[in-house]
Amino acid sequence: LAKVLTTVDLVSLGVGSCVGTGMYVVAGLVAKTMAGPGVILSFIVAAVASILSGVCYAEFGVRVPKTTGSAYTYSYVTVGEFVAFFIGWNLILEYLIGTAAGASALSSMFDSLANHSISDYMITHLGTLRGLGKGEDTYPDLLALFIALLVTGVVALGVRNSVGFNNVLNVVNLAAWVFMIVAGLFFLSPGNWGGGEFLPYGWSGVMQGAATCFYAFIGFDIIATTGEEAKNPNTSIPYAITASLVACLTAYVSVSVILTLMVPYDLIDGSAPLMEMFAVHGFLWGKYVVAVGSIAGLTVSLLGSLFPMPRVIYAMSRDGLLFGFLSHVSAFTHTPAVACAVSGSLAALLALLVSLRDLIEMMSIGTLLAYTLVSVCVLLLRYQPDEEGDAHKPDPGEGGVGEDWVGEDGVAPTKDDQGLIGGPDGDGLRLRLALPDASARPTPATGRTVTRCTVLFFLTSFLLWSTVIFGVEQGAGIGAAFSGLTATLMAGSLAKLLVTIVQQPESGRKLPYMAPCVPFVPATAILANSYLMLKLSALTWARFTVWCFIGLMIYACYGVWHS
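Residues numbered from 1 in each chain as written. Predicted model: local features only at pLDDT ≥ 70, side-chain atom pairs only at ≥ 80, totals over all residues. Heavy atoms only, no water.

You'll find the chain entered in an unreviewed UniProt entry as Solute carrier family 7 member 14b, with Gasterosteus aculeatus given as the organism. The UniProt entry for the chain carries this comment under Subcellular location (unreviewed entry): "Membrane". (UniProt positions renumbered as here; feature names shortened; annotations may be inferred.)

Each helix and strand counted, the chain has 22 helices and two strands in total. For the chain, with 563 residues in total, the buried portion stands at 54%. In the chain, once contacts between residues fewer than 6 apart in sequence are set aside, the share between residues at least 24 apart is 82%. A total accessible area of about 22,600 Å² is found for the chain, and carbon and sulfur atoms account for 70% of it. (Helix = DSSP H or I, 4+ residues; strand = E, 2+ residues; numbered from the N terminus. Buried < 20%, exposed > 50% of the residue type's maximum accessible area, 1.4 Å probe, protein only. Contact = heavy atoms within 4.5 Å. Areas by Shrake-Rupley, 256 points an atom, 1.4 Å probe, with all protein chains shown as cover.)

What follows deals with the packing of aromatic side chains. By the definition in use, this model includes 24 aromatic pairs. Between the aromatic rings of Tyr-72 and Tyr-76, the centroid separation amounts to 5.9 Å while the plane-to-plane angle is 85°, which identifies the pairing as edge-to-face. In this pair, Tyr-72 and Tyr-76 both sit in helix 3 (residues 71–78), four residues apart, roughly one turn of the helix. Using a relative accessible area of 0% as the deciding quantity, one classes Tyr-72 as buried. Measuring from ring centre to ring centre gives 5.9 Å for Phe-179 and Phe-278, while their planes differ by 50°; the resulting arrangement is tilted. In this pair, Phe-179 sits in helix 7 (residues 159–184) while Phe-278 sits in helix 11 (residues 273–280), placing the two residues 99 residues apart along the sequence. Both residues of the pair, Phe-179 and Phe-278, belong to the buried class. Members of the aromatic cluster, each reached through a chain of ring pairs, are Phe-82, Phe-85, Phe-86, Trp-89, Trp-547 and Tyr-555. (Phe/Tyr/Trp six-rings, centres within 6.5 Å; stacked < 30°, edge-to-face > 60°.)

Turning our attention to the packing of helix 12 (residues 284–306) against helix 13 (residues 308–318). Here helix 12 crosses helix 13 at 0°, and the two axes come no closer than 4 Å. On the basis of the axis angle, helix 12 is roughly parallel to helix 13. Residue-level inspection shows Leu-303, Gly-304, Ser-305 and Leu-306 of helix 12 in contact with helix 13, the latter providing Pro-308, Met-309 and Pro-310. Residue classes in the contact of helix 12 with helix 13 are distributed as five nonpolar, two polar and no charged. (Axes fitted to C-alpha atoms, helices over the stretch in contact; angles between N-to-C directions. Parallel < 35°, antiparallel > 145°, perpendicular 65-115°, else oblique. Nonpolar A, V, L, I, M, F, W, Y, C, P; charged D, E, K, R; others polar.)

Moving on, we come to the side chain of Ser-294. Its place among the elements puts Ser-294 in helix 12. For Ser-294, a relative accessible area of 1% translates into the label buried. If near-sequence neighbours (up to four positions away) are discounted, Ser-294 is found in contact with Tyr-24, Met-109 and Met-275.

Another aspect to go through is a nonpolar patch on the surface. Nonpolar side chains collect at one region of the surface, where Leu-174, Val-178, Val-182, Leu-185, Phe-186 and Leu-188 lie side by side and expose about 590 Å² of accessible area between them. For Val-182, the position within the fold is in helix 7. Exposure remark for Val-182: the relative accessible area of 45% places this residue in the partly exposed category. (Patch = residues over 30% accessible without salt bridge, like charges linked within 9 Å, V, L, I, M, F, W, Y side chains within 5 Å. Salt bridge = Lys/Arg side-chain N within 4 Å of Asp/Glu carboxyl O.)

A word on helix 3. Among all positions in helix 3, only Ala-71, Tyr-72, Thr-73, Tyr-74 and Ser-75 are buried. At the exit of helix 3 stands Gly-80, carrying a positive phi of roughly 135°.

Moving on, we get to the pattern of salt bridges. Within this structure, the stated rule accounts for three salt bridges. One salt bridge connects Arg-382 with Glu-506, and the closest N-O pair in it is separated by 3.2 Å. Here Arg-382 is found in helix 15 (residues 356–382), whereas its partner Glu-506 is found in the loop between helix 20 (477–502) and helix 21 (520–534), with 124 residues between them in sequence. Using a relative accessible area of 29% as the deciding quantity, one classes Glu-506 as partly exposed.

Moving on to the nonpolar core. Counting 158 residues, the largest nonpolar core has Met-23, Tyr-24, Phe-43, Ile-92, Leu-274, Met-277 and Leu-322 as its most contacted members. A total of 18 residues in this core trace back to one element, the largest contributor, which is helix 15. With residues up to four places along the chain from it excluded, the contact list for Phe-43 reads Gly-22, Val-26, Ala-27, Cys-213, Ala-216, Phe-217, Leu-249, Tyr-252 and Ser-256. (Core = buried A, V, L, I, M, F, W, Y, C linked by side-chain atoms within 4.5 Å.)

Omega for the bond connecting Val-518 with Pro-519 falls within 30 degrees of zero, at 10°, which places this linkage in the cis form. By the secondary structure assignment, Pro-519 is in the loop between helix 20 and helix 21. For Cys-517, which is not glycine, the phi torsion reads 55° and is therefore positive. Assignment of secondary structure puts Cys-517 in the loop between helix 20 and helix 21. Residue classification places Cys-517 among the exposed positions, given a relative accessible area of 54%.

Right, let's talk about the environment of Ser-53 for a bit. Assignment of secondary structure puts Ser-53 in helix 2 (residues 39–63). Spatially, the C-alpha atom of Ser-53 lies 6.4 Å from that of Ser-375, the residues being 322 residues apart in sequence. Apart from the residues lying within four places of it in its own chain, the contact partners of Ser-53 are Tyr-371, Ser-375, Ala-525 and Asn-529.

Turning our eyes to something else, we now look at the environment of Pro-238. Mapped onto the elements, Pro-238 comes out in helix 10 (residues 233–262). As for Pro-238 and Val-62, which are separated by 176 residues in sequence, their C-alpha atoms are 8.3 Å apart.

With that out of the way, let us pick up the packing of helix 4 (residues 81–113) against helix 6 (residues 142–156). Between helix 4 and helix 6, whose axes approach to 8 Å, the crossing angle comes to 125°. Taken together, the axes of helix 4 and helix 6 lie oblique to each other. Relative to helix 6, helix 4 is oriented so that their crossing is right-handed. Note on element contacts: helix 6 touches helix 4 through Leu-143, Ala-144, Ile-147 and Ala-148, opposite Ala-103, Ser-104, Leu-106, Ser-107 and Phe-110. Grouping the constituent residues of the contact of helix 4 with helix 6 by class yields seven nonpolar, two polar and no charged. (Left-handed = near helix turned anticlockwise from the far one by under 90°.)

Structure (structure tokens):
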């Protein structure tokens, strides 16, 4: 693939794919149905969770720079095929739904511009479908189908032209954002936040909102996906991820503040909130300015979902995990054309049949899981022995010196440890905490210890949060007390696992970018993401399970044999 993207291009791709649907749809939807004005806090919580994951993602990206499949390729190289297939399959789900949601949001924008005449026409002439969602009726959205197919065509035509187009749209989007903030200041009514109206659904609502808002920060993985097309991946990937996350958070928080102060949360329009907020105050000219911005913003985030999807599918089918015909690269455009066509058509079908709200809830779950697995991988990799350096140390069986002798727990004490047992106090602390010496390097035994601890940590965090959410938050009386006790014990065991990990020596390999405070940052990311996943609705989990089941069938019947 052509190496044409600079750091600025990457930030622009990241911000663009975040700020579209997140700003124009998610903010209003979460404020209306989940959190009220507390949506501001939801965005902040989601941003913290995604920054933790983003840092791990960036280190992952630098470990395997020449890649096109983002988290999928990274995990394939570092952890193994099954985890990689699972991550890739979830990323495809996220991009599919992201594309469909973008098309669906654009369609409801045009509908709002035409004073809902488009949807009325479709309902009278085509009837309604029972939605796949909470049973709400949706109409077959032909306009969304058409938009999705059109954008697929643009992406299939090649990279460079899409990035230039992307940068122009981002500027328009930015101008609309500035306009909204400035014009919105004239219509504020602080009463919308008073009298307990700020958190109408309580903290539980804020957290449920955060799980859905997480979707709004997804864009940064497009940065990691384009590693092979970046001029200097080692420096530009981590910078671009950080910059785009900060930019997105600023945009979302400011927009949510203006929106909830202009319109009481229960009167927010569900499908095109930012356009309707000016219309409510009779400022129609403002509505049209926002419309231009949101068409730009949503088009960019559509491109942002459609751009990486064929590349992940291409990477997976090239490795033999998905059907071979998907890895065909067109000689004319140098893009994976078959994968583009297949994924675009699937997304168009989803946009036709499923309502926007259901799409957005579905989107967060696959991503949260993929990012949790990425954090797990970073944790594992830091403590594995380096292939080159450590493989050649003599075996303890070969009658080596004291330094090759291994204690009962399978951890080799270094010369310094043996010398310092009666040594000065400064290093006494390190011994009391049983921390490894600075020069100690991982062995296969310590690597296995960390692997066991990390897998247990991952599973226990899910158990802990299910106990907290379903036992403590929703329970009462004896049951809640018992759940509280169980949760405390689990939290204790999580802490114990972390301490065990800290006591193992880290790999000495220096990378251009390394996540700070390992193992605490990846561990916090795992905890945050698993909590947010469990806050999503039961229906979302049901659909997600079906998707995973289909994936496992493909893997069992095709992938295992052809990889």
